[in-house]
Amino acid sequence: MNNTINAKYGFIKPAIDAHTMGINSAAELLRDCGYDVIVADDLVAKAMNDYKHELRRKVVVDWIITHKIERLGISYRLDQDDAVNMIGYLLEEMKNAKLMKFQGGQIETIFFGGLPKTCEAIDKEFNGLVKTFIGGESVRETLTKMGVSEDRIPSDIYEGSKYDDLLMEFGKKIIDSQDYLKYKPIDRSNYPEFGTMKDSVTKRIDSGIKDSFEPLMRAHVGPYSSSATRIESVNEFLLWAKTLAKSNYLDILSIGSSQLTQSNFGEDWEGKTNGGGVPVNSPEEYRMIWEASRPLLVRTYAGTKNIPSLAQMHEQTLNICWHALSLWWFNKLDERGPYDVYTNLKQHIDTIKYIAKTDKPFEANVPHHFAFRGADDVTYIVSAYLAAKLAKKLGIKTFILQNMLNTPRFTWGIQDLAKSRAMIKLVRSLEDSNFRVLLQPRAGLDYFKPNLYEARIQLAAVTALMDDIDPYNEMSPPIIHVVSYSEASHLATPEIINESIQITQYSLQKYREMRKQGKIEDMAKNLDVNERSIELYQSAIKVVSAIEDSINDPYSPEGFYKIFAAGFLPVPYLWGEVEEFKHAKNWRTKPVRGSVKVVDENNNVMKTEQIIEIAKSNLKDAEYNLKSRMLKSQREMGGLL
């Protein structure tokens with residue numbers, strides 16, 4: 001058997017679980033540390049699906065023996081009971097084959113990566129025999145847990161993770177001091193339109209410009225109980241809105257409306273599943289929310305059908321402070337709406353034209369949806385720019401640039417800074433006297449740990465990361481989407497939302513004080529970040545130029561369809577409409593030094609020029625698919641007999 005220094009790692013993921021980024025990230029980190037890592041092929045992955053069958057378990061065990069695996073990692077992010085049973089069955093099979101180290105066998109350690117509750121159940125069931133990863137672990141924490149000594153970690157990985165560790169140290173000091181609890185709400189009422197139907201985001205931001213500008217706080221609010229009636233749930237939300245309005249910490253109330261609100265507004269919901277969230281189902285209820293929330297600014301999700309008319313209703317009932325649309329997403333592509341992609345794009349573009357007439361800001365809820373589906377960092381940036389340029393061409397004057405950090409969650413902080421700066425530079429190149437860009441960063445959707453103490457620390461740390469994006473500009477960010485620290489554990493109540501805002505605003509103040517005192521590294525001068533940012537920016541420019549040179553009228557429903565269908569925006573983890581958009585899906589990506597890059601079949605990083613040429617070669621297919629889709633849409637609408 002190899003000694004500990006040369007231990008061989010093996011990773012398995014059941015075929016039914018599409019989540020692969022966690023395994024890919026761990027494998028790349030270990031390879032960078034000089035270890036031999038084997039990731040199970042499709043045959044073994046499919047055998048893990050059928051773990052209850054002895055012959056299928058034998059396939060897995062034979063793979064472990066053949067490849068001389070000593071440290072075995074298993075990833076499964078679906079059903080909790082299924083995961084516990086899977087580990088149990090496999091452990092018994094390995095014990096029967098005398099593979100465990102305490103039996104004189106080759107397996108010295110077993111790891112499991114999955115959902116927090118699943119990891120908790122596995123810890124309890126197997127008494128620590130299996131080391132669990134719930135997500136949110138730092139690079140150093142991950143490697144240490146997998147048995148890697150610090151002297152095996154390459155200097156660039158060490159330096160890359162060092163920044164994240166320093167942010168967490170800062171966060172720990174903030175939370176341990178508890179001084180953030182003394183933070184008092186800001187009085188924003190220094191302009192006449194405050195809290196009225198004439199109020200707006202830009203007025204509230206501009207009224208707050210001073211030497212120590214404090215960004216507007218937006219939070220997602222959505223109480224729901226399956227045991228309560230629809231009316232009871234709406235009434236509870238009204239109470240929450242009043243509580244948040246009275247406490248004055250929150251600036252922007254973002255209604256966490258239910259799936260049925262988005263997809264079946266105003267219809268009879270009898271027999272339909274709400275799917276969680278606030279079950280608003282009438283314009284009157286939205287008006288009640290606006291009244292209850294005075295003087296907060298209010299916004300809500302767009303619809304997934306009848307999108308322009310719902311936007312008008314949100315305008316009339318909520319004086320919605322900005323509209324958000326996802327363009328390529330929230331349709332059949334991700335099984336979140338009834339429209340095909342082309343119809344969705346047409347409806348979204350019609351809606352943006354309406355938004356422009358209202359003079360309200362527009363948020364493109366786009367880049368992170370690409371990241372969720374395995375897109376590389378250049379695609380993240382390009383998708384934001386395309387959406388911003390489309391908005392400008394359609395008459396939007398204020399563009400909300402949402403930037404979801406920690407996505408994927410293994411992203412290094414220095415890479416988040418590089419990606420953010422490249423994206424902001426590209427999008428802000430569109431700014432002029434008629435087009436303003438407002439940055440709105442937020443923590444990642446699955447960034448937080450379920451342990452509430454650790455989650456509070458993470459919230460303070462990610463706030464510092466936000467401030468390092470544009471460190472010399474105290475007006476940046478003008479808006480922060482505060483993700484409550486309880487995100488991974490339970491629903492955020494008004495008390496938790498207010499505390500999360502206190503942590504965010506106080507952390508921002510303290511971090512800026514430390515920067516002025518020279519107590520933190522000046523990340524504006526960090527060479528690694530600057531080099532990465534330049535590389536990303538230049539690659540994004542090349543992709544945008546190729547799109548604009550090779551596609552007629554790219555900023556249109558037809559243009560956006562062809563951009564996606566040809567594969568200019570890689571999404572390897574696409575799960576809907578895969579035949580129509582096979583060129584968008586037919587890519588491989590992998591984590592590389594805290595970033596995500598497109599790789600070839602041999603796992604070599606592809607040059608931007610290669611990606612562009614492949615996408616351009618797919619344009620004829622994209623045009624054919626578009627014509628077919630347009631004909632089908634016409635038939636469905638009665639345009640053809």
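Relevant structure appears above.
The residue numbering used here restarts from 1 in each chain and proceeds along that chain's sequence as written. With pLDDT at 70 or above as the cut-off, local features in this predicted model cover only qualifying residues; side-chain atom pairs require 80 or more to be listed or tallied, and sums for whole chains, interfaces and linings still use all residues. Calculated side-chain values reflect all of the structure's heavy atoms, with hydrogen atoms and water omitted.

A. Spatial organisation of the overall build of the protein chain. Tallying secondary structure elements over the protein chain gives 23 helices and 15 strands in all. Computation of the radius of gyration draws on C-alpha atoms alone. For the globule rule, the value is 2.2 Å times the number of residues to the power 0.38. Relative to the globule expectation of 26 Å for 641 residues, the C-alpha radius of gyration of the protein chain, 25 Å, shows essentially globular dimensions. When its C-alpha atoms are laid out on the principal axes, the protein chain stretches across 75 × 70 × 55 Å. Accessible area is worked out with a 1.4 Å probe on protein chains only. A residue is then buried under 20% of its type maximum, exposed over 50%, and partly exposed in between. For the protein chain, the residues scored as buried account for 59% of the 641 residues in total. For this analysis, residues touch if any pair of their heavy atoms sits within 4.5 Å. Expressed as a percentage of contacts within the protein chain between residues at least 6 apart in sequence, the contacts between residues at least 24 apart total 72%. Only DSSP runs of H or I with at least four residues qualify as helices, and only runs of E with at least two residues qualify as strands; both kinds are numbered from the N terminus onward.

B. Spatial organisation of the pairing of strand β6 (residues 216–221). In terms of residue burial, β6 counts as a mostly covered element, since 5 of its 6 residues are buried. The pairing criterion is simple: DSSP has to find at least two bridges between the two strands. Here β6 pairs with strand β13 (residues 479–482) via 4 bridges, running parallel. Looking at the pairing, A219 lines up with V482 of β13. Examined bridge by bridge, β6 and strand β7 (residues 252–255) share 4 bridges and lie parallel to one another. Counted as the bridge partner of R218 is I252 from β7. You can see the chain leave β6, run along helix α9 (residues 230–247) and come back into β7, and the turn it takes is right-handed. Looking down the strands as they point away from you, a crossover is right-handed if its path from the first strand over the helix to the second goes clockwise.

C. View of helix α5 (residues 116–126). By the burial criterion, the buried members of α5 are T118, C119, A121, I122 and F126. The arc that holds every buried residue of α5, seen down its axis, measures 160°, which confines them to one face. Away from its buried face, by an angle of more than 90 degrees, α5 presents the exposed residues K117, E120 and K124. On its buried face, α5 is in contact with α4 (80–96), β4 (109–114) and β5 (130–133). Positioned one or two residues after α5, N127 has a phi angle of 50°, which is positive. The arc in question is formed by the directions pointing from the helix axis toward the C-beta atoms.

D. Up close: the sheet that holds strand β3 (residues 71–76). Overall, parallel pairing links the 5 strands, which are arranged β2-β1-β3-β4-β5 in an open sheet. Of all the strands in the sheet, just β2 (37–39) and β5 have a single pairing partner and so form its edges. Across the sheet, the axes of successive neighbouring strands diverge by a mean angle of 20°, strand direction being ignored. The axes used here are C-alpha line fits, helices contributing only the stretch in contact, and every angle between their N-to-C directions lies in the interval 0 to 180 degrees.

E. The arrangement of the nonpolar core in detail. Definition of nonpolar core: a set of buried residues of the types Ala, Val, Leu, Ile, Met, Phe, Trp, Tyr and Cys, connected through side-chain atoms within 4.5 Å. Core analysis: the largest hydrophobic core is formed by 158 residues, its most contacted members being L253, W328 and F564. Sort the elements by how many residues they give to this core and helix α15 (residues 377–393) lands first, with 11 residues. Membership of the second largest hydrophobic core comes to 31 residues, among which are V44, I74, L91 and L99.

F. Molecular detail of the pattern of salt bridges. Basic side-chain nitrogens of Lys or Arg form a salt bridge, by our definition, when they fall within 4 Å of a carboxyl oxygen of Asp or Glu. If you walk through the whole model with that rule in mind, you get 44 salt bridges. The salt bridge partner of K8 is D36, with a shortest N-O separation of 3.7 Å. Residue K8 is found in the segment before β1 (9–12), and its partner D36 is found in the loop between α1 (21–32) and β2; the two are separated by 28 residues along the sequence. Judged by its relative accessible area of 15%, K8 is buried. Residue classification places D36 among the partly exposed residues on the basis of a relative accessible area of 41%. Where D468 meets R515, a salt bridge forms, and the shortest distance between an N and an O atom there is 2.9 Å. Linking D468 in helix α17 (residues 452–469) with R515 in helix α18 (residues 494–516), this pair joins segments that are 47 residues apart in sequence.

G. Region of the structure containing the pairing of strand β11 (residues 398–404). By the criterion of burial, β11 is predominantly enclosed, with 7 of the 7 residues buried. Residues T398, I400, Q402 and M404 point to one face of β11 and F399, L401 and N403 to the other, with burial holding for every one of them. Relative to β11, strand β10 (residues 362–364) runs parallel, the two being bridged by 2 bridges. What sits directly across from F362, in β11, is F399. Here β11 pairs with strand β12 (residues 436–442) via 7 bridges, running parallel. Paired with I400 across the two strands is L438, which belongs to β12.

H. Helix α16 (residues 413–428), seen in detail. The first and last C-alpha atoms of α16 sit 22 Å apart over 16 residues, in line with the 22 Å expected at 1.5 Å per residue. Burial within α16 is extensive, with 14 of its 16 residues counted as buried. A helix's residues, less one, multiplied by 1.5 Å, set its expected span.

I. A look at the packing of helix α7 (residues 155–177) against α16. Two numbers describe how α7 lies on α16: the axes approach to 7 Å, and their chain directions differ by 90°. Classified by the interaxial angle, the pair formed by α7 and α16 is roughly perpendicular. Along its contact with α7, which presents G160, Y163 and D164, the element α16 presents G413, I414 and L417. Each residue gets one label: Ala, Val, Leu, Ile, Met, Phe, Trp, Tyr, Cys and Pro are nonpolar, Asp, Glu, Lys and Arg are charged, and the others, such as Gly, are polar. Its residues assigned to classes, the contact of α7 with α16 comprises 3 nonpolar, 2 polar and 1 charged. Angular relationships are summarised with four words: roughly parallel below 35 degrees, roughly antiparallel beyond 145, roughly perpendicular across 65 to 115, and oblique for the angles in between.

J. How the structure looks around the packing of aromatic side chains. Pairing of aromatic rings covers Phe, Tyr and the six-membered ring of Trp, with a centre-to-centre limit of 6.5 Å; geometry is then stacked below 30 degrees between planes, edge-to-face above 60, and tilted otherwise. Evaluated as defined, the whole model comprises 19 aromatic pairs. Taken together, a centroid distance of 5.2 Å and an interplanar angle of 80° make the contact between Y9 and Y35 edge-to-face. You can see Y9 sitting in strand β1 and its partner Y35 sitting in the loop between α1 and β2, a full 26 residues away along the chain. Given the relative accessible area of 0%, Y9 is considered buried. The class for Y35 is buried, based on a relative accessible area of 7%. In textbook terms, an aromatic cluster arises when at least three aromatic residues are bridged by ring pairs, as seen for W328, W329, Y342, F370, Y555, F560, Y561, F564 and F581. Our definition puts a charge over a ring when NZ of Lys or CZ of Arg is within 6 Å of the ring centre and also within 35 degrees of the ring normal. We note R230 situated over the ring of W269; from NZ or CZ to the ring centre the distance is 5.8 Å. Residue placement shows K425 over the ring face of Y537; its charged tip is 4.3 Å from the ring centre.

K. Representation of the side chain of K360 in the model. Positionally, K360 belongs in the loop between α13 (341–358) and β10. Separated by 2.8 Å, the side chains of K360 and N319 make a polar contact. In protein, a polar contact means a hydrogen-donor-capable atom and an acceptor-capable atom, both N or O and within 3.5 Å, with residues adjacent in sequence counting only if both atoms are side-chain atoms; elsewhere, any N or O pair within 3.5 Å suffices. Polar contacts involving the side chain of K360 include one to the main-chain carbonyl oxygen of I320, which spans 2.8 Å. Excluding residues that lie within four positions of it along the chain, K360 makes contacts with E315, N319, I320, C321, H323, I355 and I396.

L. Broad picture of the side chain of S161. Mapping S161 onto the fold places it in helix α7. The exposure class assigned to S161 is buried, which follows from its relative accessible area of 3%. Once you skip the residues sitting within four places of it in the chain, S161 turns out to touch V139 and R140.

M. Region of the structure containing the environment of Q103. Looking at the secondary structure, you find Q103 in the loop between α4 and β4. Note: C-alpha distance between Q103 and R373 (270 residues apart in sequence) is 42 Å. Leave out the neighbours within four places in its chain, and Q103 touches M94, K95 and K98.

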